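# Observations on the model geometry
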Amino acid sequence: DTGVSQDPRHKITKRGQNVTFRCDPISEHNRLYWYRQTLGQGPEFLTYFQNEAQLEKSRLLSDRFSAERPKGSFSTLEIQRTEQGDSAMYLCASRGTGAQGHYGYTFGSGTRLTVV
Amino acid sequence: SQQGEEDPQALSIQEGENATMNCSYKTSINNLQWYRQNSGRGLVHLILIRSNEREKHSGRLRVTLDTSKKSSSLLITASRAADTASYFCATPYGGATNKLIFGTGTLLAVQP
């Protein structure tokens, strides 16, 4: 168990390009969350997976955003036609259930996206 | 949207001093959690306090919870330069989803 891994750590892209981020959660955690954090703010919820099922999406997740979690393991977050307002830190977190872990969440180090 | 506010927004103290930060939230909760975030990094879970608990300790951390006032406080005793970070309170929300709703954070600077 090496924690939650996110890749890449940093991404600079031109406006209008598509980007994809990857999150590898703790292997036995079946719950996976994506958050977005802008400078000086707390993280804001984007979407939630339980196993491979995407069970909730925030209104922040416009139709340019899509997330997947094939086979209930790693997850990807894709942003199409990026805009400058998409510049933020994108955080992934995972969490087990019941005896698998405490109620706290384990966060990855995040992917910092800069749209120029 | 943010669950609540944290106070102060920024705090600067000297090593060895105690740091207290406060969090207010809006809805009823099952538990409240505190996280630390070093600059440009992910969040690290510090401590969780359940709604039926009033105080909890973990090392140099002391957390209190007042559900009647919908507020919590985090006390860091004998602070160190390595405690310099942003601190966030968060509450799970949304039934089975249990997504975390974060406060706005307190930026703590501990001067050596």
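The following refers to the structure shown. This structure is a prediction, so every number in the text was calculated from the model and none was measured.

Turning next to the interface of chain B and chain A. Listed as interface residues are 22 residues of chain B and, on the opposing side, 24 residues of chain A. Between chain B and chain A, roughly 1800 Å² of surface is buried when both sides are summed, and carbon and sulfur atoms account for 48% of that area. Of all residues in chain B, B:Leu43, B:Thr97 and B:Lys99 give up the largest surface area on contact with chain A, accounting jointly for 25% of the area buried on that side. In this assembly, chain B and chain A are joined by 1 salt bridge.

All names here are of chain B. Tracing the chain through its elements places Asn52 in the loop between strand E5 (43–50) and strand E6 (55–58). Assessed through its relative accessible area of 65%, Asn52 is described here as exposed. Considering only alpha carbons, one finds Asn52 and Thr104, 52 residues apart in sequence, at a separation of 24 Å.

With that settled, the discussion passes to the sheet that holds strand E1 (residues 5–7) of chain A. Residue and element names in this part refer to chain A. The strand order across the open sheet formed by 4 strands is E1-E3-E8-E7, and the pairing between neighbours is antiparallel. Only two strands of the sheet have a single partner each, and these edge strands are E1 and strand E7 (65–68). Here the strands of the sheet are splayed against their neighbours by 15 degrees on average, with no regard to which way each runs. In terms of strand pairing, E7 meets strand E8 (residues 75–79) through 4 bridges, oriented antiparallel. Residue Ser66 lies in a different strand from E8, and its bridge partner there is Glu78.

Another aspect to go through is the sheet that holds strand E3 (residues 19–24) of chain B. All names here are of chain B. Pairing is antiparallel across the open sheet formed by 5 strands, whose spatial order is E1-E3-E8-E7-E6. Here the strands that pair on one side only, and so sit at the sheet edges, are strand E1 (5–7) and E6. Adjacent strand axes in the sheet meet at a mean angle of 15 degrees, parallel and antiparallel pairs treated alike. Where strand E7 (residues 61–66) lies against strand E8 (residues 71–76), 6 bridges are found, and the strand directions are antiparallel. Residue Asp66 lies in a different strand from E8, and its bridge partner there is Ser71.

Let us now look at unusual backbone geometry. Here A:Asp7 and A:Pro8 are connected by a cis peptide whose omega angle stands at 0 degrees. A cis amide bond, omega 0 degrees, links B:Asp7 with the succeeding residue B:Pro8. Its location among the elements puts B:Pro8 in the loop between E1 and strand E2 (10–14). Of note, the phi angle at A:Lys71 is positive, near 65 degrees, even though the residue is not glycine. Mapped onto the elements, A:Lys71 comes out in the loop between E7 and E8. Here the phi dihedral of B:Ala78 falls at roughly 45 degrees; this positive angle occurs in a residue that is not glycine. Note that B:Ala78 resides in the loop between E8 and strand E9 (85–93). Residue classification places B:Ala78 among the partly exposed positions, given a relative accessible area of 38%.

Further remarks concern the pattern of salt bridges. Under the defined criterion, the tally for this structure stands at 6 salt bridges over all chains. Put simply, A:Glu83 and A:Arg64 hold a salt bridge, and the shortest N to O gap is 3.4 Å. With A:Glu83 in the loop between E8 and strand E9 (88–95) and A:Arg64 in the loop between strand E6 (53–57) and E7, this residue pair connects regions lying 19 residues apart in the sequence. Among the salt bridges present, the one from B:Arg60 reaches B:Asp83, with a minimum N-O distance of 2.9 Å. On the criterion of sequence distance, the pair formed by B:Arg60 in the loop between E6 and E7 and B:Asp83 in the loop between E8 and E9 is long-range, its members being 23 residues apart.

A general tendency of soluble globular proteins is for nonpolar side chains to be buried together. Core analysis: the biggest nonpolar cluster contains 21 residues, and B:Met21, B:Leu32, B:Trp34, B:Leu74, B:Ile76, B:Tyr87 and B:Leu108 have the highest contact counts within it. When residues of this core are traced back to their parent elements, those giving at least two are E3, strand E4 (31–37), E5, E7, E8, E9 and strand E11 (106–111) of chain B. Leave out the neighbours within four places in its chain, and B:Tyr87 touches B:Glu6, B:Met21, B:Tyr35, B:Arg36, B:Leu46, B:Leu74, B:Ile76, B:Gly105, B:Thr106 and B:Leu108. Among the nonpolar cores identified, the runner-up in size contains 19 residues, and A:Val4, A:Trp34, A:Phe49 and A:Leu61 belong to it.

Basis of the calculations
By convention here, each chain's residues receive numbers from 1 onward along its written sequence. Chain letters start at A and ligand numbers start at 1, both assigned in the order the entries are written. With the structure being a predicted model, the display of local features is reserved for residues of pLDDT at least 70 and the display and counting of side-chain atom pairs for 80 or more, all residues being used for whole-chain, interface and lining totals. Where side-chain values are given, they derive from all heavy atoms of the structure, hydrogens and water being excluded. By the convention used here, residues are in contact when the closest approach between their heavy atoms is within 4.5 Å. Once two parts are brought into contact, the accessible area they lose, counted with a 1.4 Å probe and summed over both, makes up the buried area. When a carboxyl oxygen of Asp or Glu is within 4 Å of a side-chain nitrogen of Lys or Arg, the pair counts as a salt bridge. Secondary structure elements are defined from DSSP: runs of H or I of at least 4 residues count as helices, runs of E of at least 2 residues count as strands, and each element is numbered from the N terminus. Only protein chains enter the calculation, and the probe is 1.4 Å; a residue is then buried if its accessible area is under 20% of its type maximum, exposed if over 50%, and partly exposed in between. Being paired, for any two strands, means DSSP has found at least two bridges between them. Note on definitions: angles span 0 to 180 degrees between N-to-C directions of axes, and those axes are lines fitted to C-alpha atoms, for helices only across the stretch in contact. Nonpolar cores are built from buried Ala, Val, Leu, Ile, Met, Phe, Trp, Tyr and Cys residues. Side-chain atoms within 4.5 Å join them into one set.

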